Amino acid sequence: MAADSAVEELFRAHAQEVGRYLVAMVRDRSLAEDLLQDTFCDALRAREQLRHVENERAWLYGIARHRALRALRRGRRLHRALVRLAGSREVAVESDEALVALLDLLERELDPESRALVLLRYVHGFRAAELAEMTGLSPEAVRQRLARGRARLLATTSTEGKKEE
Amino acid sequence: MLREIDDIRMSELLAPLARLESVALHEPGERRSRRLRPIFAVAVVAAALAVTGVAIAAGFGAFANISAAQHPQASADQLSPGTAAFVAREGCGTGHMSADGRFIPYTCDPGSSRLLSTLPNGDKLYVLEESGFAPLCILLEGAGLSICGGVDETHPVLQTASISSDSSILAGVAMDGVKSVSFKIGGKDVTVPVSDNAWAYEGPGEPTNVGGAPLITCVTAHLADGSSVPEDPSEACS
């Protein structure tokens, strides 16, 4: 039960930010809730690992990232059908226009794996070495993917900014 | 230097995401995901059989679709006191957080155990009734592993695994009609037969998945009629 308590403590400390990460990834509040629950259950199942984990926060985010990517792979076809039927975004989670525009930009310009990396790096503050451990990629591969994603986003926002001027 | 400037621009660009409202854990009754669907399916099957007059042995509801477990508990099915205490203490290693932040564990009934199989290494595979959140617990005695879930037509197998750098053990139950189970582990394709609703794999150690990436993928049930049911249809398994 000590391991259970450790997972509970870890979750209590980070559930809020992990939940925010999941919402940004899948843009569907009810799905994000389920994924947060799945993340908690996965962490409990793997609780014995926690004794050997140096970076517990990264471990938890690694589980959440895996859950989100898996859900996105599963839901892509359904999502496309929903968008076709509704003719608009069914899954937007915010009324804040700037936030919706930013989430649209991330979804349009980055594939889910790159989006996961960019969010973990620039919103949640993980270093390339931590992301490498989370993803199984080499630190250099993580840096390259981040560089590509960064260049793409900054180029797009720069172009959009000039158009507005 | 340029990269540092770009990093700052990225942080500024993404700063509004801090305003994104998070989500919270919810009670299991509110859950909408696929995990509760097998429970519903099992309940429907049990109710239908009851209406048609089929005798329901003790534990039948939990053991629907698992013929090898549908018999009165025999002495061979009973857990040792140590294992029963483990089951009572550990449940199935999962649960949910209540609204007031307490952890509610899912529990398994040690008195409901049915022995399905004994692995070559001596570990025993049991099925047990769960406390009400999932119909079934599977217990791999020896490895000290338990997990909750259900089996039905869309999710015909349920397994637990112990993976370390020394050895890999994967064992589970399969619903009636499943002849074999295949999966990938450490890049290798493995197929194991199902006997009396049980299946198991013992192999060499594999790297552990600290990052949450799956070690075991493409779990697929192969049925007697020649059809196959993947655990996750979205996985690329060719």
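Residues numbered from 1 in each chain as written. Chains lettered and ligands numbered in written order. Predicted model: local features only at pLDDT ≥ 70, side-chain atom pairs only at ≥ 80, totals over all residues.

For chain A, the count of helices and strands is 7 helices and 0 strands. Walking chain A from its N terminus toward its C terminus, one meets helices and strands in the order α-α-α-α-α-α-α. Sequence separation of 24 or more characterises 70% of the internal contacts of chain A that already satisfy a separation of 6 or more. (Helix = DSSP H or I, 4+ residues; strand = E, 2+ residues; numbered from the N terminus. Contact = placed C-beta atoms within 7 Å.)

In this section: the overall build of chain B. Counting its secondary structure elements, chain B contains 3 helices and 13 strands. Looking at chain B as a whole, 37% of its 238 residues are labelled buried. Sequence separation of 24 or more characterises 50% of the internal contacts of chain B that already satisfy a separation of 6 or more. (Buried ≥ 20, exposed ≤ 12 C-beta atoms within 10 Å, placed from the backbone.)

For helix H2 (residues 29–45) of chain A, built from 17 residues, the straight-helix expectation of 24 Å at 1.5 Å per residue is met to within 8% by its first-to-last C-alpha distance of 24 Å. Counting buried residues along H2(A), 15 of its 17 residues qualify, which places the element largely inside the surrounding structure. (Expected span 1.5 Å × (residues − 1).)

We now examine the nonpolar core. A:Leu22, A:Val26, A:Leu35, A:Tyr61, A:Ala64 and A:Ala68 are the most contacted members of the largest nonpolar core, which totals 49 residues. Those elements that provide at least two residues to this core are helix H1 (2–26), H2, helix H3 (56–86), helix H4 (97–109), helix H5 (112–122), helix H6 (128–135) and helix H7 (139–164) of chain A. Examining the composition of this core, we find that 11 residues originate from one element, H1(A), more than from any other. Residues contacting A:Val26, with those up to four places away along its chain left out, are A:Leu31, A:Ala32, A:Leu35, A:Ala68, A:Ala71 and A:Leu72. Counting 45 residues, the second largest nonpolar core, distinct from the first, contains B:Leu79, B:Tyr106, B:Ile169 and B:Trp199. (Core = buried A, V, L, I, M, F, W, Y, C linked by C-beta atoms within 7 Å.)

Below, the discussion takes up the pairing of strand S3 (residues 114–118) of chain B. Residues and elements named next belong to chain B. Summarising burial for S3: 4 of the 5 residues are buried, a large majority. Pairing of S3 with strand S4 (residues 124–129) involves 4 bridges; the strand directions are antiparallel. Residue pairing in the sheet places Thr118 in a bridge with Lys124 of S4. Hairpin connection between S3 and S4: a loop of 5 residues separates the two successive antiparallel strands, and Gly122 in this loop has a positive phi of roughly 95°. (Pairing = 2+ DSSP bridges.)

Let us now look at the confidence of the model for chain A. Residues and elements named next belong to chain A. Looking at chain A, pLDDT values average 80 and 81% of them are 70 or higher. Averaged pLDDT values over the elements of chain A bottom out at 70 in H3 and peak at 92 in H5. For the stretch residues 76–92, pLDDT sits under 50, and the model shows 7 contacts to residues farther than four places along the chain or on other chains. (pLDDT = per-residue confidence, 0-100.)

Residue and element names in this part refer to chain B. S4 sits mainly inside the fold: 6 of its 6 residues count as buried. Side chains Lys124, Tyr126 and Leu128 of S4 all project onto a buried face; the interleaved residues Leu125, Val127 and Glu129 project onto the opposite face, where all are buried too. Where S4 and strand S5 (residues 136–141) come together, 6 bridges link them in antiparallel fashion. Bridge pairing in S5 places Val127 opposite Ile138.

This part takes up the environment of B:Glu130. All names here are of chain B. Within the secondary structure layout, Glu130 lies in the loop between S4 and S5. In the structure, Glu130 is positioned 17 residues away from Ile147 in sequence and 9.7 Å away in space, judged by C-alpha atoms. Residues contacting Glu130, with those up to four places away along its chain left out, are Ala62, Cys92, Tyr106, Cys108, Pro135, Leu136, Cys137 and Cys148.

What follows covers the confidence of the model for chain B. Residue and element names in this part refer to chain B. For chain B, the mean per-residue pLDDT works out to 75, and 72% of the residues sit at or above 70. Per-element confidence in chain B is highest for S3, whose mean pLDDT is 95, and lowest for helix H2 (residues 36–51), whose mean pLDDT is 28. Below a pLDDT of 50 lies the segment residues 28–59, which in the model reaches 34 contacts outside its immediate sequence neighbourhood of four places, other chains included. In the model, residues 209–213 has pLDDT below 50 throughout and makes 18 contacts with residues more than four positions away in sequence or in other chains.

Let's shift gears to the sheet that holds strand S9 (residues 178–185) of chain B. Residue and element names in this part refer to chain B. Spatially, the 4 strands line up as an open sheet ordered S10-S9-S12-S13, and their pairing is antiparallel. Of all strands in the sheet, those with a lone pairing partner are strand S10 (188–193) and strand S13 (228–230), marking the two edges. Across the sheet, the mean angle separating the axes of adjacent strands is 20° when strand polarity is ignored. By the bridge criterion, 3 bridges tie strand S12 (residues 216–223) to S13 in an arrangement that is antiparallel. Each residue of the ladder has a partner; that of His222, found in S13, is Ser228. (Axes fitted to C-alpha atoms, helices over the stretch in contact; angles between N-to-C directions.)

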